[in-house]
Amino acid sequence: MPTRQPASTPSGESVRLMTLPAAAWSRGIGVPYENPGRPRVSYPMIDDGPWGGVPLGGLGAGAIGRTHRGDFARWHLDLGTHRFESLPANQFSVFVSQNGQSQAHVLSPLRPEILNDWNWDMPVGAGTYYALFPKAWFVYDWDALPVRLIQKQFSPIIPGNYKESSYPVGVFEWTVENPTDTPLTLGLMFTWQNLVGHDWGQDLSGGNYNFVVRRDGLTGVVLTREGSTVTEEWDGEFAIVASDQPGVITSYRTRFPLTNGADVWADFAADGRLDDVDDRTPADKWEIIVGALAVTTELGPGESRVIPFALAWDFPITEFGTGTQWYKRYTKFFGTTGRNAWAIAAEALAHYPEWEAAVDGWQQPILADASRPNWYKTALFNELYYLVDAGTLWTNGQPSSPNGREVEEGVGRFAFLECYDYPFYNTFDVNFYASFALIMLWPELEKSIIRDFAATVPHSDPELVEIQASGIKAPRKLSGAVPHDLGGPPEDPLLRPNYYRFQDINIWKDLNSKFVLQLWRDYVFTGDQSLIHDAWPAVVQALDYLRTFDRDHDGLPDHDGLPDQTYDTWPMTGASAYGGSLWLAALEAAIEMGKLKGDTEHVTRYSEWLATGKASFEAKLWNGSYYRYDSGKSSHSDSIMADQLVGQWYADATGLPPIAPAERIRSALRTVYEYNVLRFANGEMGAVNGMRPDGVVDESSEQSHEVWTGTTYALAAFMLHRGLTEEAWKTAWGAYNVTYNYGYWFRTPEAYDIHGNFRASMYMRPLSIWAMEHALTAGSGR
């Protein structure tokens with residue numbers, strides 16, 4: 001590869017990316033707190049500190065999180081399991097020799113307890129980290145080095161792409177420049193621990209080994225284990241690979257023990273090269289081995305060069321608690337042997353420039369739009385990290401089935417966790433907000449999810465489960481009830497819904513309406529009428545089921561004084577603004593779908609229900625300036641809920657008629673803005689869920705006094721649809737402010753309080769920021 005001038009750094013006034021300077025490398029604000037909403041599967045709640053960054057890996061391929069300190073520390077290779085562990089052997093190091101003086105350094109400010117023969121002297125503040133998912137930049141600015149170093153990393157997460165977006169690979173493109181007037185020698189070393197089996201505790205059993213591959217203009221080290229075909233989820237391999245190019249020397253040491261890295265460091269520190277030792281000896285029991293790959297070049301005065309590396313992994317099988325196995329999506333393109341890490345890395349090095357061009361082509365129109373605030377651009381793209389980091393499952397059939405291996409047609413099945421503290425796949429009440437990201441960027445995946453939920457509606461699971469909030473027994477799922485989720489990692493995700501059991505989801509008042517609305521939205525956004533044709537029976541059953549809760553026949557489902565919706569510790573009684581607005585909008589969506597189906601009987605029926613419900617909604621809940629929390633007589637029934645017209649938001653987003661008079665909708669939004677946004681934390685933290693009419697935060701529930709990041713973004717999208725542009729930006733900025741100034745980048749929480757303490761980090765709902773992008777694209781000003 002010919003040399004070229006360094007790529008411009010991602011800084012500048014035109015595009016303000018997430019930038020973490022020196023101070024951020026050792027800073028973190030906020031601590032997790034416990035809240036009884038949703039079952040506490042793991043205590044204490046996950047708190048990795050502010051050590052986040054853009055993850056590596058494709059959708060459903062497992063993820064490796066690299067922090068802004070330069071270490072690889074967040075491990076989501078075992079799908080559904082979170083592990084934070086900084087592994088010092090996984091690092092880049094630099095060698096520079098000039099004027100007879102040489103130096104070598106590990107490019108991280110960490111000071112680990114192992115590999116202490118290596119030179120871990122890089123100070124905090126010797127660089128700046130930039131992030132714009134799926135890319136990140138490490139810009140090194142260290143006076144000790146007479147070279148300029150920029151590393152750009154990314155994985156090919158490309159909207160509308162259902163192939164490369166699944167690849168388990170990361171590319172690290174180095175731009176190195178000699179700004180001096182004297183020639184110098186530069187070496188870069190990439191070391192990687194053989195982690196085959198590590199996430200599952202199998203790496204100490206012996207049998208892991210490494211070997212070199214040199215072919216097709218590439219040199220690399222494959223880190224694998226004995227055996228030709230993978231049958232267990234913990235088995236597979238890694239590869240670290242570099243491109244051979246004129247003027248560059250690639251060298252390697254395939255094996256050294258983690259407990260003694262002195263020899264390999266001395267080798268590299270001597271001349272920036274390694275001695276080309278291909279030691280394939282399998283690891284003994286309890287032994288951990290590491291491989292090393294180096295690239296060395298001469299740089300004349302003012303000369304620069306681009307040096308790419310790739311890291312790939314091939315762990316083709318995922319297995320959940322009951323033993324059910326699935327092949328990951330990327331195996332459709334690389335096979336299922338688990339011995340193809342080299343091939344994946346080789347494809348990355350051959351094609352990453354065109355992948356990056358596709359990413360840039362997607363992002364550039366948004367980045368260049370001066371009407372969108374720069375902070376918004378940062379949050380918009382970076383929140384997509386969660387699609388990779390969410391224990392994401394994207395299937396390519398199962399290794400075995402009654403008829404042999406199952407082969408899936410189309411795009412396969414797709415699922416991601418609500419969060420790791422609440423490990424439920426495709427949590428429907430939450431994904432109702434988050435799914436704007438998928439439907440806008442990978443619509444086939446969203447359609448796969450909605451089809452999965454439609455298929456569950458008629459089914460029942462009579463197993464009695466204990467409801468954790470009350471101790472009572474209830475059926476796991478009743479026919480007609482839309483499930484809360486499609487399962488959890490300890491059981492059988494995709495095959496057995498409703499791992500959640502904190503509350504009885506069979507009596508929830510939001511899930512069925514959300515199902516109808518999300519189905520309608522997916523049709524509107526894609527034009528795929530087969531969605532409506534195939535799911536219409538589920539729509540009818542879902543609405544019939546929910547209507548049975550209209551006990552006073554006022555046209556609105558009645559809440560039972562329980563937290564029977566997504567706010568699952570915040571009780572509602574009688575009619576509610578939240579549940580009622582969803583119900584009315586769902587009826588409007590069903591009427592339109594019924595027309596497409598030619599089902600005049602149900603169109604007439606839903607029109608009658610809608611007329612009755614709209615009248616009751618106004619009579620029972622409108623108080624002159626906003627819609628009451630509910631129609632009950634509790635101390636919080638007249639609270640101002642930020643999410644009170646969530647159904648109208650979906651109606652606006654999908655072109656449905658308004659469920660309420662336009663002037664009342666606008667009044668309610670202005671009231672929410674005045675009270676829930678501006679009167680909470682001086683308007684700097686987003687929209688608090690509940691406020692009292694006297695301007696005091698609603699403390700009636702653990703969740704009423706929280707800000708929910710995803711709800712704030714959804715509210716801002718709603719404001720954009722209604723022409724409240726200034727209010728929308730101010731509202732959304734509060735969520736951004738907390739995320740990026742309280743140390744929550746790349747672990748955006750579901751909730752936080754006025755002190756910035758958080759609950760449920762790495763959460764699904766903040767993906768709702770893409771609803772803002774839809775509102776901006778679709779236009780506003782109703």
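All residue numbers refer to positions counted from 1 along the written sequence of the respective chain. Residues qualify for local features only when their pLDDT is at least 70, as the model is predicted, and side-chain atom pairs are given and counted only at 80 or more; totals for whole chains, interfaces and linings, by contrast, use all residues. Values shown for side chains rest on all heavy atoms present in the structure; no hydrogens or waters enter the calculation.

## Here we look at the overall build of the chain
Part 1 of the argument: Numbering goes from the N terminus for both helices and strands, where a helix is a DSSP run of H or I of at least four residues and a strand is a run of E of at least two. Helix and strand counts for the chain stand at 17 helices and 31 strands.
Part 2 of the argument: Our radius of gyration is a C-alpha quantity, and the globule rule it is checked against amounts to 2.2 Å times the number of residues to the power 0.38. Here the chain has a C-alpha radius of gyration of 27 Å; the compact-globule value for 782 residues is 28 Å, and the two agree.
Part 3 of the argument: Summary of the burial criterion: residues with accessible area below 20% of their type's maximum are buried, those above 50% are exposed, and those between are partly exposed, where the area comes from a 1.4 Å probe applied to protein chains only. Every one of the 782 residues in the chain was classed for burial, and the buried ones make up 67%.
Part 4 of the argument: Here a residue-residue contact requires only that any non-hydrogen atoms of the pair lie within 4.5 Å. Within the chain, contacts between residues at least 6 apart in sequence are counted, and of these 71% link residues at least 24 apart.
Part 5 of the argument: Under the convention used here, Asp and Glu are negative, Lys and Arg are positive, and both His and the chain ends fall outside the count. Taken as the charge centre is NZ of Lys, CZ of Arg, CG of Asp or CD of Glu, depending on the residue. Of the charged side chains in the chain, 61 are positive and 96 negative, and the gap between their average positions amounts to 4 Å.

## A word on the sheet that holds strand 3 (residues 63-66)
Part 1 of the argument: Pairs of strands are assigned from DSSP output, requiring at least two bridges between the strands. In spatial order, the strands read 2-3-4-5; together these four strands make up an open sheet with antiparallel pairing. Either end of the sheet is taken by a strand with one partner, and the two such strands are strand 2 (55-56) and strand 5 (83-84).

## Thoughts on the pairing of strand 23 (residues 461-466)
The side chains of a regular strand alternate between the sheet's two faces.
Part 1 of the argument: Looking at chain direction, strand 23 and strand 24 (residues 473-477) are connected through four bridges and run antiparallel. Residue pairing in the sheet places aspartate 461 in a bridge with lysine 477 of strand 24.
Part 2 of the argument: Taking the residues that link successive antiparallel strands as the turn, the strand 23-strand 24 hairpin has six residues, and the phi of glycine 471 there is positive, at about 85°.

## A look at the nonpolar core
Part 1 of the argument: For the purposes of this section, nonpolar cores are sets of buried Ala, Val, Leu, Ile, Met, Phe, Trp, Tyr and Cys residues that join through side-chain atoms within 4.5 Å. Counting 250 residues, the largest nonpolar core has Trp192, Phe238, Phe309, Phe515 and Trp649 as the members making the most contacts within it.
Part 2 of the argument: Excluding residues within four positions of it along the chain, phenylalanine 309 makes contact with Phe92, Gly170, Val171, Phe172, Trp174, Leu188, Phe190, Val241, Ala242, Leu293, Val295 and Leu349.
Part 3 of the argument: Among the nonpolar cores identified, the runner-up in size contains 18 residues, and Leu110, Phe256, Leu258 and Val290 belong to it.

## Structural notes on unusual backbone geometry
A negative phi angle characterises most non-glycine residues, just as the trans form characterises most peptide bonds.
Part 1 of the argument: Cis geometry is found at the peptide bond from phenylalanine 133 to proline 134, where omega equals 10°.
Part 2 of the argument: Relative to the assigned elements, proline 134 resides in the loop between strand 8 (127-132) and strand 9 (135-140).
Part 3 of the argument: In this structure, asparagine 426 is a non-glycine residue whose phi angle is positive, near 55°.
Part 4 of the argument: Phi at asparagine 682 takes a positive value of approximately 60°, unusual for a residue other than glycine.
Part 5 of the argument: Structurally, the position occupied by asparagine 682 is in the loop between helix 14 (662-678) and strand 28 (690-691).

## Description of the sheet that holds strand 31 (residues 758-759)
The strands that make up a sheet are held in pairs by hydrogen bonds between backbone atoms, and each pair lies either parallel or antiparallel.
Part 1 of the argument: What the three strands build is an open sheet, ordered 29-30-31; its pairing is antiparallel. Taken across any chain shown, the strands that pair with only one partner, and hence form the sheet edges, are strand 29 (707-708) and strand 31.
Part 2 of the argument: Note that strand 29 and strand 30 (residues 751-752) share two bridges and pair antiparallel. If you follow valine 707 over to strand 30, its bridge partner there is tyrosine 752.

## Section: helix 13 (residues 646-654)
Part 1 of the argument: Among the nine residues that make up helix 13, nine are buried, leaving the element largely enclosed by the rest of the structure.
Part 2 of the argument: Among all positions of helix 13, only Val646, Gly647, Gln648, Trp649, Tyr650, Ala651, Asp652, Ala653 and Thr654 are buried.
Part 3 of the argument: A positive backbone phi angle near 75° is found at glycine 655, which sits one or two residues after helix 13.

## Comments concerning the pattern of salt bridges
Part 1 of the argument: Here a salt bridge means any side-chain nitrogen of Lys or Arg lying within 4 Å of a carboxyl oxygen belonging to Asp or Glu. Taken as a whole and assessed by the stated rule, the structure comprises 46 salt bridges.
Part 2 of the argument: A salt bridge links glutamate 601 to arginine 605, with the shortest nitrogen-to-oxygen separation between them at 3.0 Å. Here glutamate 601 pairs with arginine 605, and both are found in helix 12 (residues 600-621), just four residues apart, close to one helical turn.
Part 3 of the argument: A relative accessible area of 26% means that arginine 605 is categorised as partly exposed.
Part 4 of the argument: By sharing partners, the salt bridges in this structure join Asp461, Glu463, Arg476, Glu491, Arg496 and Arg501 into a single network.

## Thoughts on the pairing of strand 13 (residues 208-215)
Part 1 of the argument: Bridge count for strand 13 against strand 14 (residues 218-225) is eight bridges, and the pairing is antiparallel. By the bridge assignment, arginine 215 is partnered in strand 14 with leucine 218.

## Looking at the packing of helix 8 (residues 443-456) against helix 9 (residues 511-526)
Part 1 of the argument: Two numbers describe how helix 8 lies on helix 9: the axes approach to 11 Å, and their chain directions differ by 150°. Judged by the sense of rotation from one axis to the other, the crossing of helix 8 with helix 9 is left-handed. Packed against helix 8, whose contacting residues are Pro443, Glu446, Lys447, Ile450, Phe453 and Ala454, the element helix 9 presents Phe515, Gln518, Leu519, Arg521, Asp522 and Thr526 at the interface.
Part 2 of the argument: Charged means Asp, Glu, Lys or Arg here, nonpolar means Ala, Val, Leu, Ile, Met, Phe, Trp, Tyr, Cys or Pro, and polar covers whatever is left, Gly included. For the contact of helix 8 with helix 9, the class distribution of residues is six nonpolar, two polar and four charged. For helices, the axis comes from a line fit to the C-alpha atoms of the stretch in contact; other axes are also lines fit to C-alpha atoms, and the angle between any two N-to-C directions lies between 0 and 180 degrees. Crossing handedness is read from the near helix: turned anticlockwise from the far helix by less than a right angle, it gives a left-handed crossing, and turned clockwise, a right-handed one.

## Description of empty space enclosed by the protein
Part 1 of the argument: Here the term cavity refers to a set of points on a 1 Å grid, laid over the protein atoms alone, in which a 1.4 Å probe fits but cannot get out; the term pocket refers to an open set having protein on both sides within 12 Å along at least five of seven lines, with lining residues being those that place an atom within 4 Å of a point. Grid points are joined across faces, edges and corners, and a volume is the space filled by probe spheres set on the points. Scanning the model with the defined rule gives three cavities of 30 Å³ or more in all.
Part 2 of the argument: In terms of lining, the largest cavity is formed by Val465, Ile467, Ala474, Pro475, Arg476, Asn498, Tyr500, Arg501, Gln503, Asp504, Ile505 and Asn506.
Part 3 of the argument: No other element matches the three residues that strand 24 contributes to the lining of the largest cavity.
Part 4 of the argument: Class assignment of the residues belonging to the lining of the largest cavity gives a composition of six nonpolar, three polar and three charged.
Part 5 of the argument: Volume-wise, the second largest cavity comes out at about 40 Å³.
Part 6 of the argument: Those elements giving two or more residues to the lining of the second largest cavity turn out to be helix 13 and helix 15 (709-721).

## Focus on the packing of aromatic side chains
Part 1 of the argument: Pairing of aromatic side chains requires ring centres within 6.5 Å, counting the rings of Phe and Tyr and the six-membered ring of Trp. Pairs whose planes differ by under 30 degrees are stacked, by over 60 edge-to-face, and all others tilted. Counting across every chain of the model gives 68 aromatic pairs.
Part 2 of the argument: Measuring from ring centre to ring centre gives 5.0 Å for tyrosine 129 and phenylalanine 138, while their planes differ by 65°; the resulting arrangement is edge-to-face.
Part 3 of the argument: A ring pair is formed by tryptophan 375 and tyrosine 376, whose centres lie 6.3 Å apart and whose planes are at 90°; its orientation type is edge-to-face. Take tryptophan 375 and tyrosine 376: they sit in the same class, and that class is buried.

## Considering the side chain of arginine 476
Part 1 of the argument: Here arginine 476 lies in strand 24.
Part 2 of the argument: One polar contact links the side chain of arginine 476 to the main-chain carbonyl oxygen of proline 497, over a distance of 2.9 Å.
Part 3 of the argument: Other than its neighbours up to four places away in sequence, arginine 476 contacts Asp461, Glu463, Val465, Glu491, Arg496, Pro497, Asn498, Tyr499, Arg501 and Asn506. Two N or O atoms count as a polar contact when they lie within 3.5 Å, although within protein this holds only if one can serve as hydrogen donor and the other as acceptor, and sequence-adjacent residues are included solely when both atoms are side-chain atoms.

## A closer look at helix 3 (residues 341-367)
Part 1 of the argument: Here, expected helix span is obtained from the residue count minus one, scaled by 1.5 Å. For helix 3, spanning 27 residues, the distance from its first C-alpha to its last is only 34 Å, which falls clearly below the expected 39 Å at 1.5 Å a residue.
Part 2 of the argument: Values of bend correspond, residue by residue, to the angle between axes fitted over the seven residues ending at that residue and the seven starting there. If you look at helix 3, its biggest bend is around 65°, right at histidine 351, and the proline proline 353 turns up within four residues after that.

## Let's talk about the environment of leucine 656
Part 1 of the argument: Relative to the helices and strands, leucine 656 resides in the loop between helix 13 and helix 14.
Part 2 of the argument: Look at leucine 656 and you get buried, because its relative accessible area is 6%.
Part 3 of the argument: Spatially, the C-alpha atoms of leucine 656 and glutamate 588 are 6.7 Å apart, while their sequence positions differ by 68 residues.
Part 4 of the argument: In this structure leucine 656 touches Leu517, Trp520, Ala585, Glu588, Ala589, Glu592 and Ala651, once residues within four positions along its chain are discounted.

## Some remarks on the environment of phenylalanine 190
Part 1 of the argument: Mapped onto the elements, phenylalanine 190 comes out in strand 12 (residues 184-193).
Part 2 of the argument: Here phenylalanine 190 falls in the buried class, since its relative accessible area comes to 0%.
Part 3 of the argument: Taking the C-alpha atoms as reference points, phenylalanine 190 and isoleucine 240, separated by 50 residues in sequence, lie 7.6 Å from one another.
Part 4 of the argument: Filtering out sequence-adjacent residues up to four positions away, phenylalanine 190 remains in contact with Phe72, Gln91, Phe92, Phe172, Ile240, Gly291, Ala292, Leu293, Phe309, Ala310 and Leu311.

## Considering the confidence of the model for the chain
Part 1 of the argument: The pLDDT score gives, residue by residue, the confidence of the prediction method on a 0 to 100 scale. Chain-level statistics for the chain give a pLDDT mean of 93 and a share of 93% at 70 or above.
Part 2 of the argument: Counted against residues more than four places away or in other chains, residues 1-29, with its pLDDT under 50, gives 80 contacts.
Part 3 of the argument: This stretch, residues 35-42, has a pLDDT under 50; its non-local contacts, to residues over four places away or in other chains, come to 42 contacts.

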